[in-house]
Amino acid sequence: LMDTDNPTPPSKPSRRPVLGVALAALAAGVGFGWWRHQAQAVPQAMLANLWTADFEQPDGGVLKVADFQGKPLVLNFWATWCAPCKEELPSLQLFSDLQNPDQILVLTINVKEPTNRAQRFMHNNQISLPLISDPQGEWAQKFSVKVYPTTLLIDSKGQIKWRIVGEVDWTSAEPQGWVNALP
């Protein structure tokens, strides 16, 4: 319909707001991709606490992280309620199986769940990675982990070199490159 008081047809809505939203979303996505693979500054005291930590294992043994000081470390924070975590763990197991255990250690940290739930999940899925239970989320908080899964790659000098936020296919070449680049 034409407005009789205004004989000119209505103008088309501007595409500029839509374009602006699209560009903002693209920038946010690029920024997130850049951020998720960047080294993160972590207080040295926090890493010192990690190296002195002893974790009770579900089998009754004790995992002394100090025994692994001087080799690279992969810390994977996860939970059974996290679908991407459950998808990622089998590939992390395969990744670990292919590594030289004298040169790198892969640890899983189950966050804010009863230990027996994490054990049951790992047993049912043939995952034998070392399990650290973090039922109160203290370790996740110390490392500012808010998204699951999050994986920290720590070099042999005890520096966090990579913080990977989100699911990773650990059987692909990229994660092996990250680990190979750790001093």
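Residues numbered from 1 in each chain as written. Predicted model: local features only at pLDDT ≥ 70, side-chain atom pairs only at ≥ 80, totals over all residues. Heavy atoms only, no water.

J.: Could you give an account of the overall build of the chain, with specific residues and numbers?
T.: Looking only at helices and strands, the chain features 6 helices and 7 strands. Moving toward the C terminus, one meets the helices and strands of the chain in the order α-α-β-β-β-α-β-α-β-α-β-β-α. Here the chain holds 183 residues, and the buried ones make up 41% of them. Within the chain, contacts between residues at least 6 apart in sequence are counted, and of these 65% link residues at least 24 apart. (Helix = DSSP H or I, 4+ residues; strand = E, 2+ residues; numbered from the N terminus. Buried < 20%, exposed > 50% of the residue type's maximum accessible area, 1.4 Å probe, protein only. Contact = heavy atoms within 4.5 Å.)

J.: Which residues make up the pattern of salt bridges, and what are the values?
T.: Applying the stated criterion across every chain, the model contains 2 salt bridges. Note that Glu113 is salt-bridged to Arg117, the shortest N-O span being 3.6 Å. Judged by relative accessible area, Glu113 falls into the buried class, the value being 2%. Judged by relative accessible area, Arg117 falls into the partly exposed class, the value being 38%. (Salt bridge = Lys/Arg side-chain N within 4 Å of Asp/Glu carboxyl O.)

J.: Report on the nonpolar core, specifying residues and quantitative values.
T.: By size, the foremost hydrophobic cluster in this structure holds 46 residues, and its most contacted members are Leu73, Leu75, Phe77 and Phe143. Those residues in contact with Leu73 that sit more than four places away from it in its chain are Leu50, Trp51, Val65, Ile104, Leu105, Leu107, Leu152, Leu153 and Ile154. (Core = buried A, V, L, I, M, F, W, Y, C linked by side-chain atoms within 4.5 Å.)

J.: Any chance you could break down the packing of aromatic side chains for me, citing the residues and the numbers?
T.: A ring pair, where both rings are aromatic, is described by two values, the distance of the centres and the angle of the planes. Under the definition given, this model contains 7 aromatic pairs. With 6.2 Å between their ring centres and 80° between their planes, Trp170 and Trp178 make a pair best called edge-to-face. Of the residues examined, Trp170 reaches a relative accessible area of 2% and is grouped as buried. Members of the aromatic cluster, connected to one another through ring pairs, are Phe95, Trp162, Trp170 and Trp178. One Lys or Arg, Lys142, reaches over the ring of Trp139 and ends 4.3 Å from the middle of that ring. (Phe/Tyr/Trp six-rings, centres within 6.5 Å; stacked < 30°, edge-to-face > 60°. Lys NZ or Arg CZ within 6 Å of the ring centre and 35° of its normal.)

J.: Lay out helix H4 (residues 115-124) in plain terms, naming residues and giving numbers.
T.: Listed in full, the buried residues belonging to H4 are Ala118, Phe121 and Met122. Viewed end-on, H4 has its buried residues packed into an arc of 95°, placing them on one side of the element. In this structure, H4 carries His123 and Asn124 as exposed residues pointing more than 90 degrees from its buried face. On its buried face, H4 sits against strand E3 (73-78), helix H3 (83-98), strand E4 (105-111) and strand E5 (131-134). Trailing H4 by a residue or two, Gln126 shows a phi angle of about 50°, which is positive. (Arc of directions from axis to C-beta.)

J.: Give me the lowdown on H3, citing residues and values where you can.
T.: For H3, which comprises 16 residues, the first-to-last C-alpha distance of 24 Å matches the rise-based estimate of 22 Å (1.5 Å per residue) to within 8%. Of all bends in H3, the biggest is about 30°, found at Leu89, and the proline Pro90 comes one to four residues later. Within H3, burial applies to Cys85, Glu88, Leu89, Ser91, Leu92, Gln93, Phe95 and Ser96. Among the structural elements, E3, E4, H4, strand E6 (150-154) and helix H6 (173-180) are those in contact with the buried residues of H3. (Expected span 1.5 Å × (residues − 1). Bend = angle between axes of the 7 residues up to and from the residue.)

J.: Which residues make up the sheet that holds E6, and what values go with them?
T.: The strand order across the open sheet formed by 5 strands is E5-E4-E3-E6-E7, and the pairing between neighbours is mixed. Every other strand in the sheet has two partners, leaving E5 and strand E7 (160-165) as the edge strands with one partner each. Neighbour-to-neighbour, the strand axes of the sheet open up by a mean angle of 20°, direction not taken into account. Helix-sheet contacts for H4 involve E3, E4 and E5, and the interaxial angle to E5 is about 150°. (Pairing = 2+ DSSP bridges. Axes fitted to C-alpha atoms, helices over the stretch in contact; angles between N-to-C directions.)

J.: Lay out the state of the cysteines in plain terms, naming residues and giving numbers.
T.: Tallying each qualifying case throughout the model produces 1 disulfide. Between the sulfur atoms of Cys82 and its disulfide partner Cys85 the distance amounts to 2.4 Å. Judged by the sign of its S-S torsion, about 80°, the cystine formed by Cys82 and Cys85 is right-handed. Each member of the pair, Cys82 as well as Cys85, is classed as buried. (Disulfide = S-S within 2.5 Å.)

So yeah, pure geometry; function would need other evidence.
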